[in-house]
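# A closer look at the structure
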Amino acid sequence: IGHNILEFHVDEAVIEDILRRLKSNEELHGSEARLRCKDGTIRYVSISSNVYREDGQFVHTRCVTLDITEQRRAFELQNRLAAIVESSDDAIISKDLDGIIRSWNRGAEECYGWTAAEALGRVTNTLQNTRFPKPLDEILGEVQAKERWDGELVHTTRDGKEIVMASRWSLERDERGAPKSILELNTDVTERKR
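The paragraphs below set out a description of the structure included in this document. (Residues numbered from 1 in each chain as written. Predicted model: local features only at pLDDT ≥ 70, side-chain atom pairs only at ≥ 80, totals over all residues. Heavy atoms only, no water.)

### Overview of the sheet that holds strand E3 (residues 57–67)
Taken in spatial order, the 3 strands of this open sheet run E1-E2-E3, and their pairing is antiparallel. For this open sheet the edge positions go to strand E1 (28–36) and E3, each flanked by a neighbour on one side alone. Averaged over all pairs of adjacent strands, the angle between strand axes in this sheet comes to 40°, irrespective of strand direction. By the bridge criterion, 7 bridges tie E1 to strand E2 (residues 42–54) in an arrangement that is antiparallel. When the sheet's bridge partners are listed, Arg36 is paired in E2 with Ile42. Packed on one face of the sheet, helix H2 (residues 69–87) meets E1, E2 and E3 and runs near 130° to E2. (Pairing = 2+ DSSP bridges. Helix = DSSP H or I, 4+ residues; strand = E, 2+ residues; numbered from the N terminus. Axes fitted to C-alpha atoms, helices over the stretch in contact; angles between N-to-C directions. Contact = heavy atoms within 4.5 Å.)

Below, the structure is given as structure tokens:
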């Protein structure tokens, strides 16, 4: 109490824009800003605000400020991870528990020859004509029990060439902890095997 709101905002231009919009009688809904806490930490917030006027005169603003720091960090992390996956030379594939492809990165496109648009919605083992070192049911059982599986697979590319892949499968769970999908990371080791 008694402090100017400018003191709490990290980005002067942002708060000046917010105040300008409010003085123009604009209502704000979900405007993002960064606030500095008493201990010096920075929090991301979403601001909804309007002006209370009496007889047309500005009296004060009414403001609801929601802390969105964790959502913002999660969003930024998700974007960083997506950029890493997309730029990887390894084939990174996400598939549901029935083996249906849900994501297919640039590395998978280059490794196998199918574009993401061509691969999405197809069953990985059928598309790649996969040869497993043991029955698929055993591998899936191991993924369920240990949350991962490591081994070698033989895949066939779009042009019919067989390649040996060092493969790591990781189980992904939903927010309730139930198995949701399998993330498959494949590295071409054909030349090394030769």
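### A word on the pattern of salt bridges
All chains considered together, the criterion is met by 21 salt bridges. Arg106 is the salt-bridge partner of Glu110, the closest N and O atoms lying 2.6 Å from each other. A residue pair is termed a helical-turn pair when its members lie 3 or 4 positions apart in one helix, as Glu110 and Arg106 do in helix H3 (residues 106–112) at 4 residues. The class of Glu110 is exposed, set by a relative accessible area of 53%. The salt bridge involving Glu142 is made with Lys134; its shortest N-O contact spans 3.0 Å. Taken together, the shared-partner salt bridges in this structure form one network comprising Asp17, Arg20, Arg21 and Glu26. (Salt bridge = Lys/Arg side-chain N within 4 Å of Asp/Glu carboxyl O. Buried < 20%, exposed > 50% of the residue type's maximum accessible area, 1.4 Å probe, protein only.)

### Notes on the pairing of strand E7 (residues 162–173)
As judged from the 9 bridges shared by strand E6 (residues 148–156) and E7, these two strands associate in the antiparallel manner. Residue pairing across strands places Arg148 opposite Ser170, the latter belonging to E7. Alignment of E7 against strand E8 (residues 179–188), held across 9 bridges, turns out to be antiparallel. Each bridged residue has a counterpart across the sheet, and for Glu172 the counterpart in E8 is Ser181. Counted between consecutive antiparallel strands, the loop separating E7 from E8 contains 5 residues, among which Gly177 sits at a positive phi close to 95°.

### Thoughts on the packing of aromatic side chains
With the rule as written, the count across this model stands at 3 aromatic pairs. Judged by centre distance (6.3 Å) and plane angle (85°), the rings of Phe132 and Trp169 are edge-to-face. Note that Phe132 is positioned in the loop between helix H5 (124–127) and helix H6 (136–146) and Trp169 in strand E7, a separation of 37 residues in sequence. Judged by relative accessible area, which is 1%, Trp169 ranks as buried. Seen in terms of ring centroids, Trp149 and Trp169 are 5.5 Å apart; in terms of plane orientation they differ by 65°. Their pairing is edge-to-face. With a gap of 20 residues between them, Trp149 in strand E6 and Trp169 in strand E7 connect regions that are remote in the sequence. (Phe/Tyr/Trp six-rings, centres within 6.5 Å; stacked < 30°, edge-to-face > 60°.)

Read these as layout, nothing more, since geometry by itself doesn't imply function.
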